[in-house]
Amino acid sequence: EYGVGSTGVMSRTEPAIRRALALDPSLEDAAQQIVTMDADAGKLAQAYQDAKSLVDKRPQSGFAHFTLSYVLRYVGLSKEAAEECDTAARLDPGNYQFRSCANVFALTNQLNRAQDFVKLDAGSEMSNNMEAIILLRQGKTEEALERLRQIPESSFFHTRALAACYSTPRPPGSEQLLQKAEKEIFAYRDPEPRYSQAISFNACLGNEFTGRLVKSAIAGGFCAYDYLQLDPLLTGFRQTSEYPPVLTQSKQCRDRFLAERDQPQR
């Protein structure tokens, strides 16, 4: 999912997981994977209903609450998503699989709490890059650059391109790195990294790039209504003409989910 699969090479994944669940209906991991794939594909009402069913069946399962938080994160209900993340962490403290809960807190400027979830998977590619991105949101650009330069390149997070983006002056080859990153981010199958990297690269790729990519992410099912209003990396973007139509689109995405979430999907 975070390598070649990020651009769509996952065609065999869903049939295999559905087959696993058919063979063992109690296989929580398979049920959770189906929910996240549906959310990634923009099937938000279906994903919500399945995630809510998991919680109803297993209210003491941290994994079930994390699964529900994942869907709520996509629909842009950040307060509810954060509550489910906190419940998951309380029920199953230390579970590294809850690491992506960091996103809902980072995107709503709750940066200390975001760091708590990043630390669940300390030393991994995701945590190393997320730590640097949180530093950028805190305005600690030099510290973030030092961190980015110390960690290995990530083809998913575009570590070298992100370092070039925030460097003054930019190192030789920066233009090529940024062009490559822009092309690859637009190709992501999952709308969430399309959105989050549109924000991270706004400083150098500009408001027009951010606007186009955010619109694409919202159309793909990452509603982002709360995040657009709260993310500290978007302070400048919120002053531009690109912002009002994007905010309207995000609210329509969330409202459409709210109208559909309790309607039969199958």
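Everything here concerns the structure above.
Residues numbered from 1 in each chain as written. Predicted model: local features only at pLDDT ≥ 70, side-chain atom pairs only at ≥ 80, totals over all residues. Heavy atoms only, no water.

(A) Highlighting the packing of aromatic side chains. Counted according to the given criterion, the structure contains 14 aromatic pairs. Measuring from ring centre to ring centre gives 6.5 Å for Phe-63 and Phe-66, while their planes differ by 15 degrees; the resulting arrangement is stacked. Of this pair, Phe-63 and Phe-66 both sit in helix H4 (residues 62–75), three residues apart, which is roughly one turn of the helix. Take Phe-63: its relative accessible area is 10%, and that puts it in the buried class. Overall, the relative accessible area of 4% leaves Phe-66 in the buried class. Ring centres of Phe-66 and Phe-98 lie 5.4 Å apart, and the angle between their planes is 25 degrees; this geometry places the pair in the stacked category. Linking Phe-66 in helix H4 with Phe-98 in the loop between helix H5 (78–91) and helix H6 (101–106), this pair joins segments that are 32 residues apart in sequence. Through successive ring pairs, a cluster of aromatic residues spans Phe-63, Phe-66, Tyr-70, Tyr-74, Phe-98, Tyr-195, Phe-222 and Tyr-227. The positively charged end of Arg-113 is found above the aromatic ring belonging to Phe-105, 5.9 Å away from the centroid. (Phe/Tyr/Trp six-rings, centres within 6.5 Å; stacked < 30°, edge-to-face > 60°. Helix = DSSP H or I, 4+ residues; strand = E, 2+ residues; numbered from the N terminus. Buried < 20%, exposed > 50% of the residue type's maximum accessible area, 1.4 Å probe, protein only. Lys NZ or Arg CZ within 6 Å of the ring centre and 35° of its normal.)

(B) Main features of the state of the cysteines. Summed over all chains, the structure comprises three disulfides. Through a disulfide, Cys-165 is tied to Cys-204; the S-S separation comes to 2.2 Å. Looking down the S-S bond of the Cys-165 and Cys-204 bridge, the torsion is -110 degrees, so its handedness is left-handed. With Cys-165 in helix H10 (residues 159–166) and Cys-204 in helix H13 (residues 202–219), this pair connects stretches of sequence that are 39 residues apart. Judged by its relative accessible area of 5%, Cys-165 falls in the buried class. (Disulfide = S-S within 2.5 Å.)

(C) Structural context of the pattern of salt bridges. Enumeration according to the criterion identifies 17 salt bridges in this entry. When the shortest N-O distance is used, the salt bridge between Arg-99 and Asp-121 registers 2.4 Å. Residue Arg-99 is located in the loop between H5 and H6, and its partner Asp-121 is located in the loop between helix H7 (111–118) and helix H8 (125–137); the two are separated by 22 residues in the primary sequence. Using a relative accessible area of 14% as the deciding quantity, one classes Asp-121 as buried. Between Asp-231 and Arg-137 there is a salt bridge, with its nearest N and O atoms 2.7 Å apart. Note that Asp-231 is positioned in the loop between helix H14 (225–230) and helix H15 (243–260) and Arg-137 in helix H8, a separation of 94 residues in sequence. Its relative accessible area of 0% is what places Asp-231 among the buried residues. (Salt bridge = Lys/Arg side-chain N within 4 Å of Asp/Glu carboxyl O.)

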